[in-house]
Amino acid sequence: MPVKKILYVDLDNTLVHFQTGIDKISRELFERHENDLDEVPGIFALMEPLDGALDAYRLLATKFDTYILSTAPWKNPTAWHDKLEWVQKHFGFESDSVAYKRLILSHHKNLNRGDFLVDDRHANGAAQFEGEWIQFGSARFSDWDAVTEYLLPLA
């Protein structure tokens with residue numbers, strides 16, 4: 001059986017709609033963390049998936065060796081916990097889940113070996129990733145339909 005290519009997918013603003021968490025916090029928390037909203041305790045637990053993201057991830061996971069590769073803010077310890085719970089909530093806890101034990105949290109995405117990384121930003125090593133960086137939200141890869149249309153023939 002041929003070896004599947006490795007695909008990493010970011011969470012924030014790639015699978016997760018970050019603004020939906022911001023919209024759910026109190027005005028007081030917003031004002032206190034206005035310049036660092038990712039440091040609001042519990043904010044990652046409030047976020048909803050982006051349109052088409054979950055179905056696209058599930059589809060890509062049938063063709064690629066797929067992992068979620070995200071960065072959790074250093075000054076927000078709840079984010080590490082909340083990101084795991086988000087993945088479990090949306091993909092399941094069971095060992096047959098497409099995301100079971102496939103969450104990697106790192107500030108150095110370039111240290112992961114693989115063929116593709118779908119990420120909205122070049123930060124945290126994404127731009128230095130050894131494989132192909134697919135910039136989610138760019139003109140070429142504006143949504144999950146564009147990403148899956150590009151990736152599936154490359155599996």
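Residues numbered from 1 in each chain as written. Predicted model: local features only at pLDDT ≥ 70, side-chain atom pairs only at ≥ 80, totals over all residues. Heavy atoms only, no water.

Quoted verbatim from the Sequence similarities (unreviewed entry) heading of the UniProt record, the comment on the protein is "Belongs to the 5'(3')-deoxyribonucleotidase family." (UniProt positions renumbered as here; feature names shortened; annotations may be inferred.)

With that settled, consider helix α4 (residues 77-91). With 15 residues, α4 should reach 21 Å at 1.5 Å per residue; the first-to-last C-alpha distance of 22 Å fits that figure. Looking only at α4, the buried set comprises Ala-79, Asp-82, Lys-83, Trp-86, Val-87, His-90 and Phe-91. On an axial view of α4, the arc spanned by its buried residues comes to 140°, and they lie on one face. What points out from α4, more than 90 degrees from its buried face, is the exposed set Pro-77 and Lys-89. Elements that come into contact with the buried residues of α4 comprise β2 (16-17), β3 (48-49), α3 (53-63), β4 (65-70) and β5 (103-105). (Helix = DSSP H or I, 4+ residues; strand = E, 2+ residues; numbered from the N terminus. Expected span 1.5 Å × (residues − 1). Buried < 20%, exposed > 50% of the residue type's maximum accessible area, 1.4 Å probe, protein only. Arc of directions from axis to C-beta. Contact = heavy atoms within 4.5 Å.)

This part takes up the packing of aromatic side chains. Inspection of every chain in the model, using the stated rule, returns nine aromatic pairs. Pairing Phe-64 with Phe-116 gives two aromatic rings, centres 5.9 Å apart and planes at 85°, and the pair type is edge-to-face. Taken together, the residues span a long stretch of sequence, with Phe-64 in the loop between α3 and β4 and Phe-116 in strand β6 (residues 116-119) at a distance of 52 residues. For Phe-64, a relative accessible area of 1% corresponds to the buried category. The side chain of Arg-102 reaches across the aromatic face of Tyr-67, ending 4.4 Å from its centre. (Phe/Tyr/Trp six-rings, centres within 6.5 Å; stacked < 30°, edge-to-face > 60°. Lys NZ or Arg CZ within 6 Å of the ring centre and 35° of its normal.)

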